[in-house]
Amino acid sequence: APAAPAAAAPAAAPAPAEAAAADAPTTADAFEAAKTARAARFGIPVVAAPKSMDDAKKARAERFGLSNGKGGDKGGGKGGGGKGGRGNPGKGEYYKNLYGGGGRGKGGGGGGKGGYNEGEGGGGDGSTKRLRTSGGDELRATLLRIDGRPYPAYNDIKDVEYDLGRFSAVVQHVQSDPFAPPSRCYVRVPLAHAAFPPECFSPPARETALRDWLTRRFHAAAKRAGVDQRSGEGGWHGPKGGELLVDLPGQHVLDRSSVVVDRSAAAAGLPGGGAIEARFTVALPARGRSICGEWAAQIFSETLPRLVHEALLHESTDHSALMAHLCSVEDQQAARSQLAGRGLVAFVADGSVLPRATGASDRPMDAASAVPFSSPPSLRVTLPVPNAGSLTGMGLPRGVTLIVGGGFHGKSTLLEALQVGVYDKVSGDGREGVVTDRMAVKVRAEDGRAVTSVDISPFIDHLPFGKRTGAFTTADASGSTSQAASIIEALEGGASALLLDEDTSATNFMIRDARMQALVSADREPIRPFITRVRSLWSERGVSTVLVVGGSGDYFDVADTVLMLHEYTPSDATAAAKDVAARIAGGAPPESKADRGMPPTPRRVLSAPGLTAGMKTHTGRASIRFGDEPELDLGGVEQIVEHSQVRAIAEACLRLGGAARPIDEALAELEASIREGGLDVLRPGWRLGNLAAPRMLEVGAALSRLRGLEVEGSVGGRG
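Notes on the structure in this doc start here. (Residues numbered from 1 in each chain as written. Predicted model: local features only at pLDDT ≥ 70, side-chain atom pairs only at ≥ 80, totals over all residues. Heavy atoms only, no water.)

## Some details on the side chain of Q172
If you trace the backbone, Q172 turns up in strand β3 (residues 168–173). Its relative accessible area of 13% is what places Q172 among the buried residues. Among the polar contacts made by the side chain of Q172, one reaches the main-chain carbonyl oxygen of G685 at a distance of 3.0 Å. At a separation of 2.9 Å, a polar atom in the side chain of Q172 contacts the main-chain carbonyl oxygen of W686. (Helix = DSSP H or I, 4+ residues; strand = E, 2+ residues; numbered from the N terminus. Buried < 20%, exposed > 50% of the residue type's maximum accessible area, 1.4 Å probe, protein only. Polar contact = N/O pair within 3.5 Å; in protein donor to acceptor, adjacent residues only side chain to side chain.)

Below you can see the structure in the form of structure tokens.
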């Protein structure tokens, strides 16, 4: 809330216009007056706006006869509903998860931390049929009419666009019963009513950031109203439901489906020539399996208007904070766009805070504890940006870069900041000034992953008994074969840089020291370590490498830049590393001097015949299960930063599952479709509100890890 103005000396009487403005009611007063009038019209008891989330929960509990306790168990998970019930959820599994496994008698706890609790693959027919239009009077009357009736009667409010004054609301999909994933809804606010100024929509980076901002505002408003967690008591037969959730973003600003700007022909007739559409879920309330109509009417006639007013209208927005968010994202994209032209693979602004608060949190470490980043003078560059004017910091050159230093001095922390530098961050994250080439890929060893028809022969060939690896396939890859496959798949997807950390790499894939070379001769070793290809990856393919290394100085021979971290402060150690390499030689010719070149990468023609559009899926933070297929583990795809991206990857895989064409062509076509039509193209007509855009590199990584994937051959070569 704005601070009260300081006392001032008496001034002259205000002009008439100023006096009128001073006497005019505030937007909050107007909202309360409108609510009072609506309450009088429909005979609704006037309920004062709660002062806190606890007040809101208490008021709702008293009104609908709910327990105001915290329940027996806390709900699990950050949105997605609890950690229990893995596998294929059966009937009632959703609410069992949300109640933390509690069933009868004690009621459940809350529903996780504000996620978008949608049943993946369930509900809705995906149709684009024309909606009937009506007013809020009919919505309330219908809900009161069906009060106490069996739960399926909620379908009476489905597929109608209700005019609620400055916005309209639609219930797109009604959950099958109180224990199913919640109902999908959306509101549409005409652009003229939302009244965000034109500078919020242009250039496109600002519109993406605006939609992200509105999503965060909607979630915050729901939290303040106390409706971000469910109420309930009495086990299965007691009253339950009521939570209203929007997909909650993390620290990254991504293209999202939670809030979209609709300028389609269908929306062109609205005031302002379009609408802001916000998508959310509502757990329609019930007592047992009987409808709580009055409670539902309160959600749509009181709670929802309040959330729209607080979150989606410019008049309720702190404009300076909004513009700071939009300008920060625009500057990040402007800085990233300059990297290739400046011969850089990444940039880290001075003053950046790279470490995170904890290993389980992506929020920044407290500034009092963190060491701000400071660039080495020899690597310091300045990038012009449109809003901040310029950013000064470390420019990491293209080529082969080593990050060295003692243990616990910040090497991996820097690499982790670089690997998520492909995405924009929220203002205040600490890493807003860290930008990385959009096509940089983090690669690691993944023991046990599936590999299908990948040519890993540049790194591993001549396996025992003469087995060749030009089309290597296994359901249980080793550390070295999995890392080799991941590199080839990244190159197939068009990677411009590889990011590696020796801590998560297979040692025998990265290096063989002189003594091991002397004992196990090259003709007996199928593995050609990465050090034998890293130079040709750059010189022949233009693919840079950034490698965290602390155990092998042989890489000094092949490095262009060596960055040393000491007590979290970087210095340019290139000259010193080259001097060490010249002075200290191994007892045998190091493999670093035996680079054999990097042949073109075959382009595989993939098909996943078991995947069909619309099939039931279940996703975790880093996993997907398609129907009854084995779980697809994406834990090794480290540049997936949100569960919403996993959902989008699942939808993309379903869309591409039966496509028998080169994977790079299929992904390029999909990317163009999303750029033109948004994430809705992944499942047309469904208006899924819980998707965030992944890179096509991560979609390709998911396809490549599918068990049951088929490869119909390969065409040409990428190189």
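## Description of the sheet that holds strand β13 (residues 344–349)
With respect to topology, four strands assemble into an open sheet ordered β16-β17-β13-β20, the strand pairing being antiparallel. Of all the strands in the sheet, the pair left with one neighbour each is β16 (380–385) and β20 (434–436). Strand-to-strand twist across the sheet, computed as the mean angle between neighbouring axes with direction ignored, equals 35 degrees. Of the pairings in the sheet, the one linking β16 to strand β17 (residues 389–397) comprises six bridges and is antiparallel in character. What sits directly across from V385, in β17, is G389. (Pairing = 2+ DSSP bridges. Axes fitted to C-alpha atoms, helices over the stretch in contact; angles between N-to-C directions.)

## Let's talk about the pairing of strand β18 (residues 400–405)
Of all six residues that make up β18, five are buried, and the element is covered over most of its length. Summarising the sheet, β18 and strand β26 (residues 561–566) pair through five bridges and their orientation is parallel. Within β26, the position partnered with T401 by the bridge is T561.

## Overview of the sheet that holds strand β24 (residues 497–501)
Spatially, six strands are ordered β21-β24-β25-β18-β26-β27 in an open sheet, and the strand pairing comes out mixed. With partners counted over all chains shown, the strands left at the sheet margins are β21 (440–442) and β27 (569–572), one partner each. Between one strand axis and the next, the sheet turns through 20 degrees on average, direction left out of account. By the bridge criterion, three bridges tie β21 to β24 in an arrangement that is parallel. When the bridges of β24 are listed, A440 appears paired with A497.

## A few points about the pattern of salt bridges
Summed over the entire model, instances satisfying the criterion amount to 38 salt bridges. Two residues, D156 and R145, come together in a salt bridge whose shortest N-O distance is 3.3 Å. A residue pair is termed long-range when its members are at least 10 positions apart, and D156 in the loop between α5 (136–145) and β2 (160–163) and R145 in helix α5 qualify at eleven residues. Between E310 and R306 there is a salt bridge; the shortest N-O distance is 3.0 Å. Taken as a pair, E310 and R306 lie in helix α8 (residues 293–311) at a separation of four residues, close to a single helical turn. (Salt bridge = Lys/Arg side-chain N within 4 Å of Asp/Glu carboxyl O.)

## Re the nonpolar core
Core analysis: the biggest nonpolar cluster contains 60 residues, and Y154, F218 and L304 have the highest contact counts within it. Ranked by residues supplied to this core, first place goes to α8 with nine residues. Of all hydrophobic cores here, the second largest spans 44 residues; its members include L402, F459, I488 and F509. (Core = buried A, V, L, I, M, F, W, Y, C linked by side-chain atoms within 4.5 Å.)

## Remarks on unusual backbone geometry
Leaving glycine aside, a negative phi is the common case for residues, and trans is the common case for peptide bonds. In this structure, the amide linkage connecting S202 to the following residue, P203, adopts the cis form with an omega of 0 degrees. Among the secondary structure elements, P203 is positioned in the loop between α6 (191–194) and α7 (204–225). Even without being a glycine, S453 presents a positive backbone phi close to 50 degrees. Among the secondary structure elements, S453 is positioned in strand β22 (residues 451–454).

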